[in-house]
Amino acid sequence: MDIKPRLPRGRQFFANPGPTNIPDSILHAVAHVTVDFNDPAFIAVYDECVAGLKRVLKTEQEVFLYTGSGHAAWEAALVNLFSPGDLLLVPETGYFSESWAKMAQDLGLRFRTIEADWRRGVDFGALRAALAADAGHEIKAICAVHNETATGMVLPLSELRAALDATGHPALLLADTISSLGSMDFRMDGWGVDIAVGGSQKGLMLPTGMSFTGVSAKAMAAHKTSTLPKSYFNWTNMLTRRHRSFVGTVPTSLFYGLRESIRLLEEEGLEEVFARHARLGEAVRRCVRHWSGNNGPTLFCRTPDRFSDSVTAVMMPEGHDADAVRRIALSTFNVSLGGGLGRLGGKVFRIGHLGDLNEPMILGTLASVEMALRLAGVPHAPGGVNAAIEYLAEAARS
């Protein structure tokens, strides 16, 4: 059936899992006049932002920042810590664990994967066995994606730390927090994370373009013996600068936005931010579970204690195209959904529920997706939005 696209009116419902909605106050803050990044007035803003970022990361250790997306922070971590031929252990979580391993390979590193079913997650017994078998400590680090955006699944970092401690393995623990920081609990120091990789455009609700790494003292010691080539990302060079980051021009406008982002997060309270994300994530999951009746779409993640509270991946019934649903949602209802990544292309669509988001926004998104399913001829049990409403109404009473 042909569906005529409509000229969009009203604000787009942006339900991608990143970049995310930018609050108006952050947009106004970013629209700042150009300033000298060495001006004392800006230095005060900069220092305020770094201190705030450390509070969000829950760390008292070093933080380096870069002009670039989260991939830039990945690369900064790798080139600053390792030497050619070093071996990394990568727990398989989905598209982004594969991407991080591929980057390591491109940089002259080796990697070993702890294979996993993308729908169920890593078996920690297999991970502990791999660490225990590495008697010579050839493995230099574990590279873990805390929240796999492609599959809507969390990897419990505290269990990774427990596996390292139980086996007495000295490997560094590197964690990609790009789609979890500011949306779900993350404790860099409390969980013994040596490198926390983050970006501006998801839970921090900023435009894309700035990324950062939290770095432990153990990781800084490893940096001193690293021989991979580095220049712009070189932490040693950065430490000589007043900003302790940015070998080059500082993106000043983003810091005015970051200051406002941290203000918003702390005004709400980080625990309340996490609770809101958990509430909205559960509403989405209840809706999808209802749709799954009548052989409809299902939750891609099959391990309930690893559900992501920032993104839900929805698996299409056999023979139906997720991208067709996304096209209808966008062209007819002005709702933007995330697509399947890598091997999941056309098989899943993703609903982002992170950042600047509330109940009406998520209910409007779910209602539009249900209409798109109907228009695309996808079998489903109607009334999924009602399941979400019932849950959210009950949550509002408690």
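In this text the structure is predicted, and so the values were computed from the model without any measurement.

Colleague: Please clarify how the packing of aromatic side chains should be interpreted in this entry.
Modeller: Remark: the centre distance and the inter-plane angle together describe each pair of aromatic rings, the angle taken between the planes. Scanning the entire structure with this criterion turns up 12 aromatic pairs. Ring centres of Phe246 and Phe255 lie 5.9 Å apart, and the angle between their planes is 75 degrees; this geometry places the pair in the edge-to-face category. Residue classification places Phe246 among the buried positions, given a relative accessible area of 0%. Given the relative accessible area of 0%, Phe255 is considered buried. Three or more aromatic residues joined by ring pairs form one cluster here, namely Phe42, Tyr46, Phe246, Phe255 and Tyr256.

Colleague: Please explain the sheet that holds strand 3 (residues 87-91) as it appears in this structure.
Modeller: In sheet architecture, strand pairing relies on hydrogen bonds along the backbone and comes in two forms, parallel and antiparallel. Read across the open sheet, the seven strands follow the order 2-10-9-8-5-3-4; overall the sheet is mixed. Each of the sheet's edge strands pairs with one partner strand only, and the pair in question is strand 2 (62-67) and strand 4 (110-114). Strand-to-strand, the axes of this sheet are offset by a mean angle of 20 degrees, without reference to chain direction. Bridge analysis of strand 2 against strand 10 (residues 210-215) gives six bridges, and the strand direction is antiparallel. Note that in strand 10 the partner of Leu65 across the bridge is Phe212. Taken strand by strand, helix 3 (residues 70-81) contacts strand 2, strand 3, strand 5 (139-145), strand 8 (172-176), strand 9 (195-199) and strand 10, and its axis lies near 155 degrees from that of strand 9. Against the sheet, helix 4 (residues 95-106) touches strand 3, strand 4, strand 5, strand 8 and strand 9, its axis set at about 145 degrees to strand 5.

Colleague: Explanation requested: the nonpolar core in the structure shown.
Modeller: Note that soluble globular proteins tend to have their nonpolar side chains buried in a common cluster. Formed by 56 residues in total, the largest nonpolar core has its most connected members in Leu65, Ile142, Leu160, Phe186, Val193 and Phe255. With eight residues, the single largest contributor to this core is helix 2 (residues 40-57). The residues contacting Phe255, other than those within four sequence positions of it, are Phe42, Val45, Tyr46, Cys49, Leu65, Met210, Phe246 and Val250.

Colleague: Would you mind going over the sheet that holds strand 14 (residues 348-352) with me for this structure?
Modeller: A sheet is described by the order of its strands in space; here five strands give the open sequence 1-13-14-12-11, paired in mixed fashion. The sheet terminates laterally at strand 1 (13-15) and strand 11 (298-299), the two strands that pair on one side only. Of the strand pairs in this sheet, strand 1 and strand 13 (residues 335-339) are connected by three bridges, and their pairing is parallel. Paired with Phe13 across the bridge in strand 13 is Val335. Its contacts with the sheet put helix 11 (residues 322-333) on strand 13 and strand 14, and the angle it makes with strand 13 is roughly 160 degrees. Contacts between helix 12 (residues 359-375) and the sheet are confined to strand 1, strand 13 and strand 14, with strand 14 contributing the most and set at about 160 degrees to the helix.

Colleague: Explanation requested: the state of the cysteines in the structure shown.
Modeller: Formally, a disulfide is one covalent bond, and it connects the sulfur atom of one cysteine to the sulfur atom of another. Inspection of the entire model under this criterion finds zero disulfides. As a non-bridged cysteine, Cys287 has Cys301 as the owner of its nearest cysteine sulfur, 17 Å distant.

Colleague: What am I meant to see in the side chain of Arg161 here?
Modeller: The topology assignment puts Arg161 in helix 6 (residues 157-167). By relative accessible area, which is 15% here, Arg161 ends up buried. Among all residues touching Arg161, those that are not within four sequence positions of it are Leu173, Trp191, Gly192 and Asp194.

Colleague: When you look at the packing of helix 11 against helix 12 in this model, what are you seeing that I'm missing?
Modeller: Relative orientation and spacing of two packed helices are given, respectively, by the angle between their axes and the distance between those axes. Put simply, helix 11 and helix 12 touch, their axes get as near as 9 Å, and they point 115 degrees apart. For the crossing formed where helix 11 meets helix 12, the hand is right-handed. Residue-level contacts link Val325, Ile328, Ala329 and Phe333 of helix 11 to Ser368, Met371, Ala372, Leu373 and Leu375 of helix 12. Among the residues forming the contact of helix 11 with helix 12, the class breakdown is eight nonpolar, one polar and no charged.

Colleague: Got a minute to help me understand the packing of helix 10 (residues 270-291) against helix 13 (residues 384-397) in this structure?
Modeller: Contact geometry for helix 10 and helix 13: axes closest at 7 Å, N-to-C directions at 150 degrees. Handedness of the helix 10/helix 13 crossing: right-handed. Two secondary-structure elements touch here, helix 10 through Arg279, Leu280, Glu282, Ala283, Arg286, Cys287, His290 and Trp291 and helix 13 through Gly384, Val385, Ala387, Ala388, Tyr391, Leu392 and Ala395.

Colleague: For this particular structure, what's the right way to read helix 3?
Modeller: Because an α-helix completes one turn every 3.6 residues, residues spaced three or four positions apart along the sequence face the same direction. When the terminal C-alpha atoms of helix 3 are compared, their 17 Å separation across 12 residues agrees well with the 16 Å that a helix rising 1.5 Å per residue should span. Among the 12 residues in helix 3, 10 count as buried, and that is most of the element. For helix 3, the set of buried residues is Gly70, Ala72, Ala73, Trp74, Ala76, Ala77, Leu78, Val79, Asn80 and Leu81.

Cut-off values and rules
- Residues numbered from 1 in each chain as written.
- Predicted model: local features only at pLDDT ≥ 70, side-chain atom pairs only at ≥ 80, totals over all residues.
- Heavy atoms only, no water.
- Phe/Tyr/Trp six-rings, centres within 6.5 Å; stacked < 30°, edge-to-face > 60°.
- Buried < 20%, exposed > 50% of the residue type's maximum accessible area, 1.4 Å probe, protein only.
- Pairing = 2+ DSSP bridges.
- Helix = DSSP H or I, 4+ residues; strand = E, 2+ residues; numbered from the N terminus.
- Axes fitted to C-alpha atoms, helices over the stretch in contact; angles between N-to-C directions.
- Contact = heavy atoms within 4.5 Å.
- Core = buried A, V, L, I, M, F, W, Y, C linked by side-chain atoms within 4.5 Å.
- Disulfide = S-S within 2.5 Å.
- Left-handed = near helix turned anticlockwise from the far one by under 90°.
- Nonpolar A, V, L, I, M, F, W, Y, C, P; charged D, E, K, R; others polar.
- Expected span 1.5 Å × (residues − 1).

Purely geometric stuff here, so don't read any function into it on its own.
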